[in-house]
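Residue-level structure breakdown
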Amino acid sequence: IMDARLQSTQAACNAVAGNADVAAAYARRKAQVQEEHAEMQRLEDELKGNEEQFRKVNQSLQKELEVIAKQISAKLEKKQKLHRSCGEEVEKMKAEIARLQAAVLAREQKFQQEAQECDAETAKLEEKKEELVNSQLSAVAHAEHARSGKLHALAGRIAPA
């Protein structure tokens, strides 16, 4: 590409000026082209350096991104496991609570039944006690009456002198 430019420049210079002017114009244009070429070379080297630097930075960032993505994935997996585990544990606890509530209800019902049975037995015993007390009072009253009758009869036989 550079040689083609130089040749076209040289042909143009030959057509416009004489040999001396052509040589001077050619030399100037050649120096200018060489300077442009050197500038393009510097720019290309700088771009290659920038590209290499970008590639290194990008590679480093990509590695960090992969590490973070793995960490995020691990945390999400842990959260899912915790959620499942917690759900299972909560369900077990709910079942245990229901079992305990049923046991408490059954125990309360049994207690109430036993308390009612005790009340019924106590009432029967109170009735029997009352009957026995009445029988005892009646026997005592009967015995007292008989004794009193005997004492009166005895007193009537023993006369005061």
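Before reading on, note that the structure itself is shown above.
Residues numbered from 1 in each chain as written. Predicted model: local features only at pLDDT ≥ 70, side-chain atom pairs only at ≥ 80, totals over all residues. Heavy atoms only, no water.

1. A few points about the overall build of the protein
For the record, the criterion: In this description a helix means any DSSP run of H or I spanning at least four residues, a strand means any run of E spanning at least two, and both kinds are numbered starting from the N terminus. Relative accessibility decides the category of a residue: with a 1.4 Å probe and only protein chains considered, values under 20% of the type maximum give buried, values over 50% give exposed, and everything between is partly exposed. For accessible areas, the Shrake-Rupley method is used with a probe of radius 1.4 Å. Any residue's cover is judged against the shown protein chains and nothing else.
What the protein contains, in helices and strands, is two helices and zero strands. Going through the 161 residues of the protein one by one, you find that 4% of them count as buried. Put simply, the protein shows about 14500 Å² of open surface, and 58% of that area lies on carbon and sulfur atoms.

2. Examining the pattern of salt bridges
To be explicit about the condition: The salt bridge definition used is simple: a Lys or Arg side-chain nitrogen within 4 Å of an Asp or Glu carboxyl oxygen.
By the definition in use, this model includes six salt bridges. E39 is the salt-bridge partner of R42, the closest N and O atoms lying 2.4 Å from each other. Linking R42 with E39, this pair stays in helix α2 (residues 19-157), spanning three residues, or about one helical turn. Using a relative accessible area of 48% as the deciding quantity, one classes R42 as partly exposed. The closest approach of N and O atoms between E52 and R55, which form a salt bridge, is 2.3 Å. In this pair, E52 and R55 both sit in helix α2, three residues apart, roughly one turn of the helix. Exposure remark for R55: the relative accessible area of 40% places this residue in the partly exposed category.

3. A short note on a negative patch on the surface
Our working rule: Nonpolar side chains (Val, Leu, Ile, Met, Phe, Trp, Tyr) are joined into patches within 5 Å and like charges within 9 Å, using only residues with over 30% relative accessible area and no salt bridge. Residues scored as positive are Lys and Arg, those scored as negative are Asp and Glu, and His as well as the terminal groups of each chain are ignored. Charged groups are reduced to one reference atom each: NZ for lysine, CZ for arginine, CG for aspartic acid, CD for glutamic acid.
Judged by side-chain charge, E126, E127, E130 and E131 come together as a negatively charged surface patch. Mapping E131 onto the fold places it in helix α2. Owing to a relative accessible area of 51%, E131 belongs among the exposed residues under this scheme.

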